[in-house]
Amino acid sequence: MKESVEQAINDQIQVEFQSAYGYLSMSARFEDLNFKGAAKWMRMQWQEENMHAMKFFDFLIRRGGNPRLQPLTAPEISFNTPLEAFEIALSSERKVTRLIHELYDLAVEKKDYSLRTLLHWFIDEQVEEEESVEEIIQNFKLTGDSGEGLFLVDRELGQRIAEGGEE
Ligand SMILES: [Fe+2]
Ligand SMILES: [Fe+2]
């Protein structure tokens with residue numbers, strides 16, 4: 001594997017773990033605000049992001065590369081309402097989408113065909129993630145400040161079930 005490709009995948013592993021860390025921090029904040037459903041949703045998202053990191057990690061190993069873990073930074077995420085939280089999540093996911101697309105550009109440029117195939121999964125995954133966060137934002141916008149509405153949306157978020165683990 002080309003060194004520049006290996007480095008870029010290692011950078012993406014850091015991005016995915018950092019993203020996981022951000023969701024875990026949001027989960028803690030939601031526990032504090034007593035939104036149990038959103039806290040659970042965020043915790044599941046933490047798991048998903050870890051799984052993303054591990055997909056790249058395993059890919060590197062299978063290709064004879066070396067995962068080199070980089071430092072994470074403490075998440076600086078503060079919010080007072082679920083709407084704010086999911087807007088932060090959306091902008092974070094959009095940034096990740098851009099990075100995945102840049103990685104794809106590199107894979108094309110370096111003629112790394114198997115990385116391109118792996119990235120097809122990630123490109124689809126980003127569409128799904130942005131879509132689901134946008135839908136949640138829409139729901140919180142509709143509820144506004146209604147306590148009953150917030151309760152119902154939170155309860156729905158708590159019903160999220162894990163996706164099928166390994167692909
Ligand atoms: Fe991810
Ligand atoms: Fe994500």
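Structure: see above.
Residues numbered from 1 in each chain as written. Chains lettered and ligands numbered in written order. Predicted model: local features only at pLDDT ≥ 70, side-chain atom pairs only at ≥ 80, totals over all residues. Heavy atoms only, no water.

Enquirer: What should I look at first to understand the packing of helix 1 (residues 3–33) against helix 3 (residues 82–109) in this one?
Expert: Packed helices, taken two at a time, are described by the angle their axes make and the gap between the axes. Here helix 1 crosses helix 3 at 170°, and the two axes come no closer than 11 Å. Relative to helix 3, the element helix 1 is oriented roughly antiparallel. For the pair helix 1 and helix 3, the contacting residues are S4, V5, A8, I9, Q12, V15, E16, S19, Y23, M26 and F30 in the first and P82, A85, F86, A89, E93, V96, L99, I100, L103 and L106 in the second. Class assignment for the residues of the contact of helix 1 with helix 3 results in 16 nonpolar, 3 polar and 2 charged. (Axes fitted to C-alpha atoms, helices over the stretch in contact; angles between N-to-C directions. Helix = DSSP H or I, 4+ residues; strand = E, 2+ residues; numbered from the N terminus. Parallel < 35°, antiparallel > 145°, perpendicular 65-115°, else oblique. Contact = heavy atoms within 4.5 Å. Nonpolar A, V, L, I, M, F, W, Y, C, P; charged D, E, K, R; others polar.)

Enquirer: Help me understand a negative patch on the surface, please; the structure alone is not making it clear to me.
Expert: Residues D124, E128, E131, E135, E156 and E163 make up a contiguous surface patch of negative charge. Residue position: E163 is located in the segment after helix 5 (147–157). For E163, a relative accessible area of 46% corresponds to the partly exposed category. (Patch = residues over 30% accessible without salt bridge, like charges linked within 9 Å, V, L, I, M, F, W, Y side chains within 5 Å. Areas by Shrake-Rupley, 256 points an atom, 1.4 Å probe, with all protein chains shown as cover. Salt bridge = Lys/Arg side-chain N within 4 Å of Asp/Glu carboxyl O. Lys, Arg positive; Asp, Glu negative; His and termini not counted. Charge placed at Lys NZ, Arg CZ, Asp CG, Glu CD. Buried < 20%, exposed > 50% of the residue type's maximum accessible area, 1.4 Å probe, protein only.)

Enquirer: Which parts of the structure should I look at to understand the pattern of salt bridges?
Expert: Two side chains bearing opposite charge may form a pair once their charged atoms approach each other closely. If you walk through the whole model with that rule in mind, you get 8 salt bridges. Measuring nitrogen to oxygen at the nearest pair gives 3.0 Å for the salt bridge that ties R63 to D112. Residue R63 is found in the loop between helix 2 (36–62) and helix 3, and its partner D112 is found in the loop between helix 3 and helix 4 (113–143); the two are separated by 49 residues along the sequence. A residue is classified by how much of its surface remains accessible, and R63, at 29% relative accessible area, is partly exposed. Residue D112 is classed as buried on the basis of its relative accessible area of 6%.

Enquirer: Looking at this model, I keep getting lost on the coordination of the iron ion (ligand 2). Mind explaining?
Expert: Taken together, the protein ligands of the iron ion (ligand 2) are E49 (OE), E93 (OE), E93 (OE) and E129 (OE), with distances of 1.9 to 2.4 Å. Coordination of the iron ion (ligand 2) draws on donor residues from a single chain, spaced E-x43-E-x35-E in sequence. Separating the iron ion (ligand 2) and the iron ion (ligand 1) is a distance of 3.3 Å, and E49 donates to both of them. Of this pair, E49 sits in helix 2 while E93 sits in helix 3, and the two are 44 residues apart along the sequence. We note that E49, like E93, is buried. (Donors = N, O, S within 2.8 Å, 3.2 Å for Na, K, Ca; no water.)

Enquirer: Quick question: what am I supposed to make of the coordination of the iron ion (ligand 1) here?
Expert: Angles between donor atoms at a metal ideally measure 109.5 degrees for a four-coordinate tetrahedral arrangement and either 90 or 180 degrees for a six-coordinate octahedral one. Taken together, E16 (OE), E49 (OE) and H52 (ND1) make up the full set of protein donors to the iron ion (ligand 1), lying 2.1 Å away. In primary-sequence terms, the residues that donate to the iron ion (ligand 1) follow E-x32-E-x2-H.

Enquirer: Mind showing me how you'd approach helix 4 here?
Expert: Between its first and last C-alpha atoms helix 4 spans 46 Å; for 31 residues at 1.5 Å apiece the expected length is 45 Å, and the two agree. Looking one or two residues past helix 4, G144 carries a phi angle of roughly 55°, positive in sign. (Expected span 1.5 Å × (residues − 1).)

Enquirer: Would you take a moment to explain a nonpolar patch on the surface for this structure?
Expert: A grouping of Y21, L24 and L72 is seen on the molecular surface, where their side chains present a nonpolar patch of about 230 Å² in accessible area. Along the chain, the position of L24 falls in helix 1. A relative accessible area of 31% places L24 in the partly exposed class.

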